[in-house]
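# Survey of secondary and tertiary structure
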Amino acid sequence: MSRILAIDFGKVRTGIAVTDELQIIASGLTTVATSELISFLKEYTSKEKVSLFLVGLPKQMNNTASESEILIQPFLQKLIKAFPNIPLERVDERFTSKMAFQSMIDGGLKKKDRRNKGLIDEISATIILQSYLYNR
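First, a word on scope: everything that follows refers to the structure included in this document.

Thresholds applied
Residues numbered from 1 in each chain as written. Predicted model: local features only at pLDDT ≥ 70, side-chain atom pairs only at ≥ 80, totals over all residues. Heavy atoms only, no water. Helix = DSSP H or I, 4+ residues; strand = E, 2+ residues; numbered from the N terminus. Contact = heavy atoms within 4.5 Å. Areas by Shrake-Rupley, 256 points an atom, 1.4 Å probe, with all protein chains shown as cover. Buried < 20%, exposed > 50% of the residue type's maximum accessible area, 1.4 Å probe, protein only. Pairing = 2+ DSSP bridges. Salt bridge = Lys/Arg side-chain N within 4 Å of Asp/Glu carboxyl O. Phe/Tyr/Trp six-rings, centres within 6.5 Å; stacked < 30°, edge-to-face > 60°.

What follows concerns the overall build of the chain. Each helix and strand in the chain was counted, giving five helices and five strands. Ordered by position in the sequence, the α and β elements of the chain form the string β-β-β-α-β-α-β-α-α-α. For the chain, the share of sequence-separated contacts (at least 6 apart) that also reach a separation of at least 24 residues comes to 60%. Carbon together with sulfur atoms contributes 54% to the accessible area of the chain, which is approximately 8000 Å² in total.

As structure tokens, then:
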């Protein structure tokens, strides 16, 4: 089989999570500088078979698009152009950063380690992926 790759897109850095080949378990993969994201994905997909990209869909509480959606749209166009054979789906990402931070607290991470915004992004991508797997 192949993997599903989730992307928590950010202006500066982007969190990435991936499933196992059976698409059962979601795991954080890494955090990448957003400027290097497409090249990272090209290298990753050259080594691993990816059947689906999930990209977080930032929404406000009233279900309208968040301001950060403007930043994501150009990335989506680049992603579609670079990977025309890999489908793309969007997943509501409301509260994922808060949930990621809470999971760090619940996991016993020290205050110093919880300041690692890259780790929050990676955990957020994992939550996006877990949500997709649970609801499909």
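Mapped onto the fold, F40 is located in helix α1 (residues 37–47). With residues near it in sequence (within four places) discarded, F40 still touches I16, L29, T30 and V32.

Turning next to the pairing of strand β2 (residues 13–19). Counting buried residues along β2, six of its seven residues qualify, which places the element largely inside the surrounding structure. As consecutive antiparallel partners, strand β1 (residues 3–8) and β2 are separated by four residues. In the sheet, β2 pairs with strand β3 (residues 26–33) via seven bridges, with the strands oriented antiparallel. Residue pairing across strands places R13 opposite A33, the latter belonging to β3. Here β2 folds back onto β3, and the loop between the two strands holds six residues, one of which, Q23, carries a positive phi near 60°.

Pairing between side chains becomes possible if they bear opposite charge and their charged atoms approach one another. Applying the stated criterion to the full structure yields five salt bridges. Close ionic contact of E43 with K47 constitutes a salt bridge, the shortest N to O distance being 3.1 Å. Of this pair, E43 and K47 both sit in helix α1, separated by four residues, roughly a single helical turn. Residue classification places E43 among the partly exposed residues on the basis of a relative accessible area of 46%. In the salt-bridge network here, residues are joined through shared partners; they are R3, E21 and E48.

Our focus in this paragraph is the packing of aromatic side chains. Any two aromatic rings considered together are summarised by their centre-to-centre distance and by the angle between their planes. Taken as a whole and judged by the stated rule, the model has three aromatic pairs. An angle of 25° between the planes, with centres 4.9 Å apart, marks the rings of F9 and F75 as stacked. Linking F9 in the loop between β1 and β2 with F75 in helix α2 (residues 69–82), this pair joins segments that are 66 residues apart in sequence. When the ring of F40 is compared with that of Y44, the centres are 6.3 Å apart and the planes differ by 20°; the resulting orientation is stacked. You can see F40 and its partner Y44 sitting in helix α1, four residues apart, about one turn around the helix.

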